[in-house]
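Analysis of the macromolecular model
As a plain string of letters, each chain reads:
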Amino acid sequence: MGKDEIRQQMRARRHEVSQEDRMAAGKAICEKIAGPPLDLLIHAWRICLYLSTKSEIPTRYIARAIWQVNREVCVPAWSTNESAYKLYAIDPHTRLITGHHGIREPAVRLPVMPWDVDAFILPGLAFDALGGRLGYGAGHYDHILVKAVKTAKKIAVCYDWQVLEDAVPQEPHDIAVDWIVTDKRVLNCAANRQATRTRSPS
């Protein structure tokens, strides 16, 4: 199955999710990311997350959990000057406006550099157990992630059915995620990749 067909199927299925189930998934994922026993953000001071659209899993619960422990949040927003997404800081009092492609963004821009981010919470349409991620097609996150430090955690959030048994189609420039957190489970993709390399003949 090609990228476009996978994207179309996943978008259609995601639109069928009720608001109640979407909110429940957001809460369940937040508990897995920010709570014991994993607490994937325990060593992260500054976390980048996406401001969810109506059909995406809500990230507000993760943002609140981060702010409750006095850590920092930044989000992608469109830079007209550079014709690209850049990162900007937000806090609980930040006024949000509707920006590029109808995505919410901070009204006041306080830039954050990708290499100053300790963890990234990423959306996507389909994933596989090795961390392959199929996004929306424009490569915006790849352009940000390529500038991040290697130790920064890349954590994808999605519904469990968005994790495919087969590998998702990938391009050479696509950046794999380290973890996938769904409403039902947590996948250590970095460990899965290492195990695969260990089993592969030399």
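Residues numbered from 1 in each chain as written. Predicted model: local features only at pLDDT ≥ 70, side-chain atom pairs only at ≥ 80, totals over all residues. Heavy atoms only, no water.

Residues of strand S12 (residues 179-182) alternate between two faces, with Trp179 and Val181 on one and Ile180 and Thr182 on the opposite face, all of them buried. Of the pairings in the sheet, the one linking strand S10 (residues 153-158) to S12 comprises four bridges and is parallel in character. Pairing of Ile155 across the sheet is with Trp179, part of S12. With three bridges connecting them, S12 and strand S13 (residues 186-188) associate as antiparallel partners. Among the inter-strand pairings, Trp179 is bridged to a residue of S13, identified as Asn188. (Buried < 20%, exposed > 50% of the residue type's maximum accessible area, 1.4 Å probe, protein only. Helix = DSSP H or I, 4+ residues; strand = E, 2+ residues; numbered from the N terminus. Pairing = 2+ DSSP bridges.)

A few words now on the pairing of strand S7 (residues 119-122). Residues in a regular strand project their side chains so that they alternate between the two faces of the sheet. Alternating residues of S7 divide into Ala119 and Ile121 and Phe120 and Leu122, and every residue in both groups is buried. With four bridges connecting them, S7 and S10 associate as parallel partners. Following the sheet pairing, Ala119 is matched in S10 by Lys153.

This part covers the side chain of Arg22. Here Arg22 lies in helix H2 (residues 19-34). Buried and without a salt bridge, Arg22 has Asp21 as its closest oppositely charged side chain, separated by 8.8 Å. At 3.2 Å, the side chain of Arg22 and the backbone oxygen of Val17 are in polar contact. (Lys, Arg positive; Asp, Glu negative; His and termini not counted. Salt bridge = Lys/Arg side-chain N within 4 Å of Asp/Glu carboxyl O. Polar contact = N/O pair within 3.5 Å; in protein donor to acceptor, adjacent residues only side chain to side chain.)

This brings us to the environment of His100. Mapped onto the elements of the fold, His100 is located in the loop between strand S4 (96-98) and strand S5 (104-106). Classification of His100 by relative accessible area gives partly exposed; the value is 27%. Along the primary structure His100 and Tyr85 are separated by 15 residues, whereas in three dimensions their C-alpha atoms are 9.5 Å apart. Among all residues touching His100, those that are not within four sequence positions of it are Trp78, Tyr85 and Glu105. For His100, the side chain forms a polar contact with the side chain of His101, separated by 3.2 Å. (Contact = heavy atoms within 4.5 Å.)

On to a positive patch on the surface, then. There is a patch of like positive charges on the surface, built from Lys27, Arg60, Arg64 and Arg104. Counting through the fold element by element, Lys27 comes out in helix H2. (Patch = residues over 30% accessible without salt bridge, like charges linked within 9 Å, V, L, I, M, F, W, Y side chains within 5 Å. Areas by Shrake-Rupley, 256 points an atom, 1.4 Å probe, with all protein chains shown as cover. Charge placed at Lys NZ, Arg CZ, Asp CG, Glu CD.)

Looking now at the sheet that holds strand S8 (residues 126-128). Judged by pairing direction, the sheet is mixed, and its three strands sit side by side in the order S9-S8-S11 without closing on themselves. Bordering the open sheet on either side are strand S9 (133-134) and strand S11 (163-164), each of which pairs with just one other strand. Note: S8 against S9, two bridges, orientation antiparallel. Within S9, the position partnered with Phe127 by the bridge is Arg133.

What follows deals with the environment of His143. Summarising the element assignment, His143 is placed in helix H4 (residues 140-145). Distance from His143 to Gly2, taken between C-alpha atoms, is 22 Å for residues 141 residues apart in sequence.

Considering all chains together, one arrives at nine salt bridges under this definition. The salt bridge partner of Arg7 is Asp4, with a shortest N-O separation of 3.7 Å. Placement of both Arg7 and Asp4 in helix H1 (residues 3-15) is noted, with a separation of three residues, approximately one turn of the helix. A relative accessible area of 13% means that Arg7 is categorised as buried. In this structure, Asp178 engages Arg193 in a salt bridge whose closest nitrogen and oxygen atoms are separated by 3.4 Å. Of this pair, Asp178 sits in the loop between S11 and S12 while Arg193 sits in helix H5 (residues 189-199); the two residues are 15 residues apart in sequence, bridging distant segments of the chain. The network of salt bridges with common partners includes Lys3, Glu171 and Asp174.

So far we have only geometry, and geometry alone does not tell us how the molecule works.
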